[in-house]
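Residue-level listing of the chains:
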Amino acid sequence: MKQTRSVVLGCGSYLPERVLTNQDLARIVDTSDEWISERTGIKTRHIAADGENTSDLGIAAARSALDHAGIDPQSIDFIILATSTPDNTFPSTATTIQAALGLTHGFAFDVQAVCSGFAYALATADNFIRAGQGQRGLVIGAETFSRILDWEDRGTCVLFGDGAGAVVLEATQVEDPMRERCVIGSMLFSDGRHKDKLYVDGGPSSTRSVGHLRMQGKEVFRFAVNAISDVVERTLAAHNLRPSDIDWFVPHQANKRILDGTAKKVGIAEEKIVITLDRHGNTSAASIPLALSTAVHDGRIKRGDLVLFEAMGGGFTWGANLVRW
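Here the structure is a predicted model, which is why all the values come from computation and not from measurement.

Got a sec to walk through the nonpolar core? Specific residues and values, please.
As a rule of thumb, soluble globular proteins bury nonpolar side chains together. Counting residues in hydrophobic clusters, the biggest one holds 45 residues, and the most contacted among them are Val 232, Ile 268, Leu 308, Met 312, Phe 316, Trp 318 and Leu 322. Residue assignment for this core shows that the elements contributing at least two residues are β8 (182-190), α7 (217-238), α8 (256-266), β12 (306-313) and β13 (317-324). Looking at which element gives the most residues to this core, the answer is α7, with nine residues. The residues contacting Leu 322, other than those within four sequence positions of it, are Cys 182, Val 183, Ile 184, Gly 185, Thr 235, His 239, Leu 241, Ile 246, Leu 306, Val 307 and Leu 308. Formed by 33 residues, the second largest nonpolar core is a distinct cluster that contains Ile 288, Ala 295, Phe 309 and Ala 311.

Right under this line is the structure:
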């Protein structure tokens, strides 16, 4: 019996023109290329230009994904944008992207799960399609984290960058979701008891200001490796898979040590991990679709490959998605 699932038709990305190197950062705060590279694996990151908003990044990534999919934007039924750095408190930045694409039908909204945002947004879009509430959707991750960084805090300002990535989903009928191209499944989790370990110290209700990102790095690292390993193992077990069955592992690009620790604990071979962290830094909700787009367009990820996404972010939130490309 056939069932409705989502298939990824195309993906795209956008990075701001300005590149900020570790050497550039060493002129701003007490740090060095060696210190940053050794602890994070990051060498460069992209920074949005003055006047370049999260919506601008998201629009460019969306158009790139639509071009790759080869479809008319007017065929899109809904847009879900994952971001923690919206243009405005409201309306949603997704509606700005909707208008820029010339869409006046369907619906658009933002999802806020910090670095897990894309995993949450993809799961949400997939469920809309499975429920028959849309035939085609755009799922976007876009961030301008440079706007909420404390550029005097070397523990955080060296980690993050700006960027956007997007995928186009379409409803498809499949008989065997494990073997046919589709979003096979997702798992999402959160635990609000840890919110003070990675947060922004501002907001409309609490301080009437935007605030800056604050992080307890060691605590985040400890939790991340365990939480990510657990959700990956749960996702594999739910579909009777072994780590060796995964063709490509596309993780949230947070820190090279977290990526290495997770892969080692789960048993995923290093050569199967897509890493763009060194060039992009941590782009929060944009990091998975940015890395995905890179690996698809350079030919690594091919049709039929089994691809696993994972992420963990402030909240804490974490999750995974399994996709047959």
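Please set out the side chain of Ser 284 residue by residue, giving values where relevant.
Note that Ser 284 resides in the loop between α9 (277-280) and α10 (287-297). Setting aside residues up to four positions removed in sequence, Ser 284 forms contacts with Val 114, Cys 115, Glu 143, Phe 145 and His 252.

Break down the environment of Glu 180 for me, with residues and values.
As for its placement among the helices and strands, Glu 180 is situated in the loop between β7 (162-174) and β8. Since its relative accessible area comes to 28%, Glu 180 is described here as partly exposed. C-alpha separation for the pair Glu 180 and Trp 325, spaced 145 residues apart in sequence, amounts to 8.6 Å. Apart from the residues within four sequence positions on either side, Glu 180 is in contact with Gln 173, Val 174, Glu 175 and Arg 324. At 2.8 Å, the side chain of Glu 180 and the backbone nitrogen of Glu 175 are in polar contact.

Parameters at a glance
Residues numbered from 1 in each chain as written. Predicted model: local features only at pLDDT ≥ 70, side-chain atom pairs only at ≥ 80, totals over all residues. Heavy atoms only, no water. Core = buried A, V, L, I, M, F, W, Y, C linked by side-chain atoms within 4.5 Å. Buried < 20%, exposed > 50% of the residue type's maximum accessible area, 1.4 Å probe, protein only. Helix = DSSP H or I, 4+ residues; strand = E, 2+ residues; numbered from the N terminus. Contact = heavy atoms within 4.5 Å. Polar contact = N/O pair within 3.5 Å; in protein donor to acceptor, adjacent residues only side chain to side chain.

Interpretation note: all reported values are geometric properties and have no functional meaning in isolation.
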